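Okay, here's what each chain looks like letter by letter:
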Amino acid sequence: MSPWALLLGLLLYLGLLFLVALWGESRPRLAQNPWVYALSLAVYATAWTFLGSAGRAATEGATFLPIYLGPTLVLLLWPWLHGRLLALARTHRLTSWADFLHLRYGPGPLAPLAAGFLVVGLLPYLALQLKAIAQAFLFLSGEEAPLADVALLTALLLALFAILFGTRRLDPSERHPGLVLAVAFESLVKLFALLLVGALVLLSLGNPFPRAQAEPDLHPLLLPPEGLSGHLAWVSLVALSSLAFLFLPRQFHVAVVESQNPRHLPHAAWAFPLYLLLINLPILPLALWGRLLLPGENPDLYVLALPLLAGSPPVAFLAFLGAVSAATAMVVVEGLSLSILLSNHLLSPLLLRRRALGSLLLWRRLAILLVLLLAYLYFRLAGEAYALVGMGLISFVAVAQLAPAALLGLFWKGATGAGALAGFLAGVALWAYTLFLPALARSGFLPPLFLEGPHPLLHPEGLLGLKGLDPITHGFLVSLGTNLALTLGVSLFTRKEAPLGGRTGEVAALAALLERILGKEVAEAFLKEAEGLSGTEAALRAEAFLSSALGPATARLLLLSVTEEAREEHKPLLEEAARESKAVRAYAQALERAQAELAEAYERLKALDQAKDELLWAVSHELKTPLTAVRALAEILATHPDLSEEERRRFTALLAKEAARLSRLVEEVLRYARLQTGPAPKKEPTDLKALAEEALSLTEPLARERGVKLEAALLPLQADTDRDRVLQVLLNLLTNAVRHAQSRVRLELGARGQEALFRVLDDGPGVPKEARERIFEPFQSLAGGTGLGLYLARRLAEGLGGRVYLEEGEGGAFAFTVPLEVNHADPFGG
């Protein structure tokens, strides 16, 4: 392929990505979709997955699978573990695991060290993304230009993207809907591209497994791991990928910082493993065909080479875009999250000392550029010595070093800062000695003698005489095992640090500080949250605002100027005052609620009284017409005995019709009377989906009689409501729709905000424009009915706190809402 065509395609794709991100910025509600949240988690699947998995499968067999089994296992605990983490993050506005370490273990070197180490430890992972894009570009173009040239251009473009959509301002409440939507879009692109490549190869080349079984040298790829070392490697990779999924900064960013709704967690718990399953389906067939047909080719490029071999350059080009997509999402989100780590834990304290905190946003943007340039530098130094997966695993082991301090800190009160720091330092040192420095030695930037170690027991890839393990498994077990042992051991023999003294301050002074540092909008948001809080509580809220934008250490220092330490002897008084203040606030809120309920009840009584008057007038008017007709017909029959038999039958039929109309009117009036005088709605937990299905089954005989097809699109929803009244409204709407439909009626159920939304759609003529205003008034029928059905439906819905209304559009489209009464109690104290 022409390099210019490839370059143009690359630039056009990045341009499309910019447009998607811009679209997401202008429509932030799009990023609040649970599917978007689940797809954003797929930033986990990078160029490593797209290109490297086939390469690893071609050389190591099914050992690529543990990288995806680990996250799948973690997701079994996802709602519980991440629910707890989300609650903490919302309360303290955490932006990274380093923030959590600072919160849990207090000020000290642990959080800054973790932040700096994560930047260094993730450089190989970032470098492999640049390498993947550059490799793919040069392979398809057939050029031999330096790999680094394309990698540098890519790094600069991705840095620009991350700066534009990730660092608009220092707003602690800022989320990035455009960035999230772009990541979700890229997840779809890479999944589609890889599945298309797999389908093309299987359709054009056939099933590779029979031929692979005939090749003895391919048998190891089809067999499970053998021996203790093989099983240990599998288990280690599953554990390693589990920890990496939890502690990768980009995963924390999309899963916690960008999280809009905790309800998305259960959805992601099954949708994301499904995504991993789908994207891994074609890996093994591609690897086998690559080994069979492309023996001299780089296995990391099989995904690109096989479509070319199958005679389909367009699919190869699409695979190139898929690889670019996978790498781009990772680099942008990882670069952004690492820049926040750097600025919050390293840059902010330095800038504060130099009184240059106003330039922090500029430094955060420069940090993104710096991170990507460092990744490019690592790629130049060591990128050629490892395959894609090998480079990524080195970073995974680095990230896993946070696990002992973070998980023990989250669930074990006995963990101490000294233990966490000792374990972390030991783990980092062993990671560098067993994995990072050997990578540099293999690349020629350290003497080859380093790989032998100063003593046989200090061999970097075989400490204490351990043999038979691959370097990744060895480095992971040694570094994490030592880390965990020291964290536990030192914690058991050290005293837990006393918690920091509380600070207290005036709300006005705290708001002024926030306005000066973070702007007027943040100060106003703080004032809203701090209303009625004690000085100590307000200081904590202000600290959380500052911490998310500037880092916890800088936030604490800034607060010193406008707060003072809450004295120990005053603490009981402060706590008692806070309790009293809370009780007073609760009493006042209860009074407000009672007053609002009384006002609402009064308005409802007024409306009911007016409705009763209107109904009496309308009933009188409507009853008058059939009664007049009945009397006239009866008089005719009585005074004209000479009527012909045919006329007598006609008048008798008219008499029966008017009597039936009277009967329907009386029945509707009685139903209305029962509604007015009946008991208040009995609210109980109700399965709205089951209720909708019951309404459909009750309407089905009428629909069958009229030749109308019933359709449904129902999402599972629960609400505390009166199920009989909801069923009555649904039956009224469905019956009305069936009577007007030409061929079909559709019932939909979904959530919209804090309401459940039913929609009843039919393909009938719809409601004329001139009748829309009065369609819900009593006795306003378009089809000759009593005209009370929609009126009663509206009254029933209003009694439940919902509403019924007519939507715009072709055909009939009635909507009915029911409040979703959510328990807002925060189980994690957030």
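Residues numbered from 1 in each chain as written. Predicted model: local features only at pLDDT ≥ 70, side-chain atom pairs only at ≥ 80, totals over all residues. Heavy atoms only, no water.

**Student:** Account for the pattern of salt bridges, naming residues and giving values.
**Tutor:** Tallied over the full model, the rule gives 12 salt bridges. The closest approach of N and O atoms between Arg291 and Asp217, which form a salt bridge, is 3.9 Å. Linking Arg291 in helix α16 (residues 283–293) with Asp217 in the loop between α11 (209–213) and α12 (219–222), this pair joins segments that are 74 residues apart in sequence. The shortest N-O distance in the salt bridge between Glu711 and Arg746 comes to 3.7 Å. Of this pair, Glu711 sits in strand β6 (residues 709–714) while Arg746 is found in strand β8 (residues 744–752), placing the two residues 35 residues apart along the sequence. In this structure Arg746 comes out as partly exposed when scored by relative accessible area, which is 24%. (Salt bridge = Lys/Arg side-chain N within 4 Å of Asp/Glu carboxyl O. Helix = DSSP H or I, 4+ residues; strand = E, 2+ residues; numbered from the N terminus. Buried < 20%, exposed > 50% of the residue type's maximum accessible area, 1.4 Å probe, protein only.)

**Student:** So what's going on with the packing of helix α7 (residues 110–121) against helix α22 (residues 417–442)? Which residues, and what values?
**Tutor:** For the pair α7 and α22, the least separation of the axes is 11 Å and the interaxial angle reads 20°. On the basis of the axis angle, α7 is roughly parallel to α22. Seen along the crossing, α7 lies across α22 with a hand that is left-handed. On α22, the residues touching Leu110, Leu113, Ala114, Phe117, Val120 and Gly121 of α7 are Ala420, Leu421, Phe424, Leu425, Val428, Trp431 and Phe436. (Axes fitted to C-alpha atoms, helices over the stretch in contact; angles between N-to-C directions. Parallel < 35°, antiparallel > 145°, perpendicular 65-115°, else oblique. Left-handed = near helix turned anticlockwise from the far one by under 90°. Contact = heavy atoms within 4.5 Å.)

**Student:** Let's hear about helix α17 (residues 302–309): which residues, and what values?
**Tutor:** For α17, the tally of buried residues reaches six of eight residues, placing the bulk of the element in the interior. Taken together, the buried positions of α17 are occupied by Tyr302, Val303, Leu304, Ala305, Leu306 and Pro307. In the core, the buried residues of α17 are packed alongside α3 (47–60), α8 (123–141), α10 (177–205), α16 and α18 (313–353). Looking one or two residues past α17, Gly311 carries a phi angle of roughly 80°, positive in sign.

**Student:** Any details on the packing of aromatic side chains? Residues and values, ideally.
**Tutor:** Evaluated as defined, the whole model comprises 16 aromatic pairs. Ring centres 5.7 Å apart and planes at 25° place the aromatic pair Tyr378 and Phe436 in the stacked group. Here Tyr378, found in helix α19 (residues 360–382), pairs with Phe436, found in helix α22; they are 58 residues apart in sequence, far enough to count as distant. For the pair Tyr378 and Phe436, a shared accessibility class is recorded, and that class is buried. Site record: aromatic cluster; members linked through ring pairs are Tyr44, Tyr68, Tyr125, Phe245, Phe272 and Phe396. (Phe/Tyr/Trp six-rings, centres within 6.5 Å; stacked < 30°, edge-to-face > 60°.)

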